[in-house]
Amino acid sequence: MRTGLYAGTFDPPTLGHLDIIGRACQLFDRLVIGISVNRDKSPLFDLDERVAMVRRECAGLTGDTEIVVHPFETLLVDCARDTGATVIVRGLRAVADFEYEYQMVGMNRMMDDAFETVFLMADLKYQSIASKLVKEIARLGGDVSKFVTPTVQRELTRKLG
């Protein structure tokens, strides 16, 4: 069984995240979606809310891949080891993402070279979507329906009220 790990903060999960998840499902028998605590980012949604949103959004994905949503507050390589993942999936939107991700791959490999990293480019229609920008647009009363599912949009409205 080939297990991949796609990790992030998912604050909130966007259509870009769901695109990467759906495409990663085509590559793995089991896909672990690691929801990072990441205290440096001061998320809008608490961990339980983000886990619930990702579980709900992934419930509609079909196929043979088992999807496991796994909250974690450890190093990415530790999360991969804990979940049995052998491949770390990273989504890329732009060159700036690549520079950061390239550095992270190097650091992860120095900590534990047992894991391979696979980059998936976001679909063109999702390349500009970033959770940070989605929250800012929603906070200022803008329409985020092109960036998140209707359910996530309702959660943003509820949270930002």
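Below or above, wherever it landed, is the structure these notes cover. Note that the structure is predicted; figures quoted are calculated from it, not measured.

## Let's talk about the pattern of salt bridges
Next, step 1: Enumeration according to the criterion identifies 11 salt bridges in this entry.
Next, step 2: Across the pair Glu-49 and Lys-159 runs a salt bridge whose closest N-O atoms are separated by 2.9 Å. Residue Glu-49 is located in helix H2 (residues 47-59), and its partner Lys-159 is located in helix H6 (residues 150-160); the two are separated by 110 residues in the primary sequence.
Next, step 3: Put simply, Glu-155 and Arg-158 hold a salt bridge, and the shortest N to O gap is 2.8 Å. Placement of both Glu-155 and Arg-158 in helix H6 is noted, with a separation of 3 residues, approximately one turn of the helix.
Next, step 4: Taken together, the salt bridges that share partners define one network made up of Glu-49, Glu-155, Arg-158 and Lys-159.

## Some points on the packing of H2 against H6
Next, step 1: One can describe the packing of H2 onto H6 by two numbers: an axis separation of 11 Å at closest approach and a directional angle of 160 degrees. Relative to H6, the element H2 lies roughly antiparallel. As for the relative orientation of H2 and H6, their crossing is right-handed in sense. Here Glu-49, Met-53, Arg-56 and Glu-57 of H2 come into contact with H6, specifically with Thr-151, Val-152, Glu-155, Arg-158 and Lys-159.

## A short note on the side chain of Thr-117
Next, step 1: Of note, Thr-117 is situated in strand S5 (residues 116-121).
Next, step 2: Taking the relative accessible area as the measure of exposure, Thr-117 reaches 16% and is therefore buried.
Next, step 3: Once residues lying within four places of it in the same chain are set aside, the contact partners of Thr-117 are Ile-88, Arg-90 and Val-105.

## Details of the nonpolar core
Next, step 1: Residues Ile-21, Leu-31, Ile-33 and Leu-156 are the most contacted members of the largest nonpolar core, which totals 30 residues.
Next, step 2: Elements with a contribution of two residues or more to this core: helix H1 (15-25), strand S2 (30-36), H2, strand S4 (87-92), helix H5 (131-139) and H6.
Next, step 3: Per element, the largest residue contribution to this core is 6 residues, and it comes from H1.
Next, step 4: Contact partners of Ile-33, with chain neighbours within four places excluded, come to Tyr-6, Phe-10, Ile-21, Val-54, Cys-58, Ile-67, Val-68, Val-69 and His-70.
Next, step 5: In terms of nonpolar packing, the next biggest core, distinct from the first, is built from 12 residues, Ala-7, Val-32, Leu-76 and Ala-80 among them.

Cut-offs applied
Residues numbered from 1 in each chain as written. Predicted model: local features only at pLDDT ≥ 70, side-chain atom pairs only at ≥ 80, totals over all residues. Heavy atoms only, no water. Salt bridge = Lys/Arg side-chain N within 4 Å of Asp/Glu carboxyl O. Helix = DSSP H or I, 4+ residues; strand = E, 2+ residues; numbered from the N terminus. Axes fitted to C-alpha atoms, helices over the stretch in contact; angles between N-to-C directions. Parallel < 35°, antiparallel > 145°, perpendicular 65-115°, else oblique. Left-handed = near helix turned anticlockwise from the far one by under 90°. Contact = heavy atoms within 4.5 Å. Buried < 20%, exposed > 50% of the residue type's maximum accessible area, 1.4 Å probe, protein only. Core = buried A, V, L, I, M, F, W, Y, C linked by side-chain atoms within 4.5 Å.

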